[in-house]
Amino acid sequence: MELKKYLQYSKFDSGLASVLTAIAQGSILIQKKISRLSLEGLEGSTGTKNIQNEDVKKLDILANDIFLEKFQESKNVAMVGCEELEKPQIFNNSISKFLINMDPLDGSSNIDVGVNIGSIFGIWNENIDHSLNENSLLKPGKEQIASAYVVYGSCTLMVIASEKGVQCFTLDTQSGSYILSKDNINVPEKCKYYSVNYGNFENFSSNLQNSLINLQNIYSLRYIGSLVADFHRNLLEGGVFLYPKDTKNPNGKLRLMYEANPLSFIIKKAGGIGTNGTKNILNINPTTLHERVPLIIGNSDVIENILV
Ligand code: AHM
Ligand code: MG
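Residues numbered from 1 in each chain as written. Chains lettered and ligands numbered in written order. Predicted model: local features only at pLDDT ≥ 70, side-chain atom pairs only at ≥ 80, totals over all residues. Heavy atoms only, no water.

So, about the sheet that holds strand E15 (residues 295-298). Across the sheet, five strands lie side by side as E12-E11-E13-E15-E14; this open sheet has mixed pairing. Pairing within the sheet leaves two strands with one partner each, and these edge strands are strand E12 (220-221) and strand E14 (273-275). Where strand E11 (residues 193-195) lies against strand E13 (residues 239-243), three bridges are found, and the strand directions are parallel. The residue bridging tyrosine 193 from the neighbouring strand is glycine 239, located in E13. (Pairing = 2+ DSSP bridges. Helix = DSSP H or I, 4+ residues; strand = E, 2+ residues; numbered from the N terminus.)

Printed below as a string of structure tokens:
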């Protein structure tokens, strides 16, 4: 079943359906650009740094611009917070108040080397009729009404989570539409993998080092270095992804609003959990748009035994 039909058939709110359709349309344009990356001169950096002082890649900016345009066209998005923008983008033509936090291109270090990358979106609904300001986006993850991600990999997949559960759609590049390929996804009870950047091992707490030694005795290590792709594999196969705090990065690396929250919403709907080591990610009250958070996400029973 095509995404459009699925959203109608499953009686998604029409505003939310329009936001998800905008994500699908944007991602199809980005997938085309990725498949011709070097042929269109889209490899490499812009030579600028983002608000977090990270190197900005040409595809980061292109993906940002494409999704912003699609959201504006949908007229259902009032405001977007984004990894690439210091301040949120406000759309005055909006007819409803969906708020989005997005990482338009996750896994930037893998863009130029042909490895899976993705896009991540958290979706909130602003019910109260008041004007929006910079702080309107700072809502806890538990208030998301839906979240989604796209993986550009061996095929292009879009996963959405909402009150109707978690579904995966595969892009049919011939017809140019997403087709439902997995319905009602639940993380498998049996965990297979753990995913962590072992290069940071020396900087982890001794508790965490011991927990990792326990994990390595039981599970296989898989680490792509694109959160969205590591997460997707673990969601389907069973696994735990860790980007914990360490002595050099006391708040970890990943961003609460547009990486940890959307994926924690999805894993919750699939029966797992996302934590910062001590607290459920979805219960954290955000203070800034670009704040970082340690993230441990996946099979709950395994995470229960990880000490930070
Ligand atoms: P990005 O959003 O700029 O691409 O950065 C986030 C990425 C995640 O996708 C991934 O999990 C992490 O950074 C990898 O970091 P490291 O290279 O330190 O392992
Ligand atoms: Mg990212």
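Protein coordination at the magnesium ion (ligand 2): the donors are Asp103 (OD), Asp106 (OD) and Glu259 (OE), at 1.9 to 2.1 Å from the metal. Sequence spacing of the donor residues for the magnesium ion (ligand 2), all on one chain, is D-x2-D-x152-E. Here aspartate 103 falls in the buried class, since its relative accessible area comes to 1%. (Donors = N, O, S within 2.8 Å, 3.2 Å for Na, K, Ca; no water. Buried < 20%, exposed > 50% of the residue type's maximum accessible area, 1.4 Å probe, protein only.)

In the vicinity of ligand 1 lie 16 residues, with Gly107, Asn197, Tyr223, Leu227 and Tyr243 positioned nearest. One nitrogen or oxygen atom from the side chain of asparagine 197 is found 2.8 Å from an oxygen atom belonging to ligand 1. Take arginine 255: an N or O atom from its side chain is 3.2 Å from an oxygen atom of ligand 1. For ligand 1, the accessible surface in isolation is 470 Å², of which the surrounding protein chains cover 85%. Looking at the shell around ligand 1, the elements with two or more residues in it are strand E5 (98-106) and E13. (Near = heavy atom within 4 Å. Polar contact = N/O pair within 3.5 Å; in protein donor to acceptor, adjacent residues only side chain to side chain. Areas by Shrake-Rupley, 256 points an atom, 1.4 Å probe, with all protein chains shown as cover.)

The subject of this paragraph is the nonpolar core. Nonpolar side chains in soluble globular proteins tend to be buried together. Residues Leu20, Ile23 and Phe71 are the most contacted members of the largest nonpolar core, which totals 42 residues. If you tally residues by element for this core, the top one is helix H2 (residues 14-35), at nine residues. The contacts of isoleucine 23, once residues within four sequence positions are left out, are Phe67, Phe71, Phe121, Ile123, Ala148, Val150 and Met158. With 39 residues, the next largest nonpolar core counts Met79, Leu227, Phe241 and Leu254 among its residues. (Core = buried A, V, L, I, M, F, W, Y, C linked by side-chain atoms within 4.5 Å. Contact = heavy atoms within 4.5 Å.)

What follows covers the domain arrangement of the protein chain. Per the domain assignment, the segments making up the protein chain are domain 1 (3-182) and domain 2 (193-303). Each of domain 1 and domain 2 was reduced to a C-alpha centroid, and the two centroids are 21 Å apart. Listed per partner, the contact involves 47 residues of domain 1 and 31 residues of domain 2. Between domain 1 and domain 2, roughly 2,800 Å² of surface is buried when both sides are summed, and carbon and sulfur atoms account for 64% of that area. Viewed at the interface, domain 2 and domain 1 are joined by three salt bridges. Here arginine 292 ties to glutamate 54 by a salt bridge, and the two come within 3.6 Å at their closest N and O atoms. (Domains from an automatic or database assignment. Buried area = accessible area lost by both parts, 1.4 Å probe. Salt bridge = Lys/Arg side-chain N within 4 Å of Asp/Glu carboxyl O.)

Read from one edge of the open sheet, eight strands run E4-E3-E5-E6-E7-E8-E9-E10, paired in mixed fashion. Two strands lie at the open edges of the sheet, namely strand E4 (89-90) and strand E10 (177-182), each paired on one side alone. Note that strand E9 (residues 165-172) and E10 share five bridges and pair antiparallel. Along E10, the bridge assignment pairs cysteine 168 with lysine 182. Where helix H3 (residues 58-74) meets the sheet, its contacts fall on strand E3 (77-82), E4, E5, strand E6 (117-125) and strand E7 (144-152), and the angle it forms with E5 comes to roughly 155°. Across the sheet, helix H5 (residues 227-237) touches E5, E6, E7, strand E8 (156-162), E9 and E10, and the angle it forms with E7 is around 105°. (Axes fitted to C-alpha atoms, helices over the stretch in contact; angles between N-to-C directions.)

Quick look at the packing of H5 against helix H6 (residues 256-269) now. Two quantities define a packed helix pair, namely the angle between the axes and the distance from one axis to the other. Their axes nearest at 12 Å, the elements H5 and H6 cross at an angle of 10°. By the angle between their directions, the pair H5 and H6 is classed as roughly parallel. Counted together, Leu227, Phe231 and Leu235 of H5 and Glu259, Leu263, Ile266 and Ile267 of H6 form the full contact between these two elements. (Parallel < 35°, antiparallel > 145°, perpendicular 65-115°, else oblique.)

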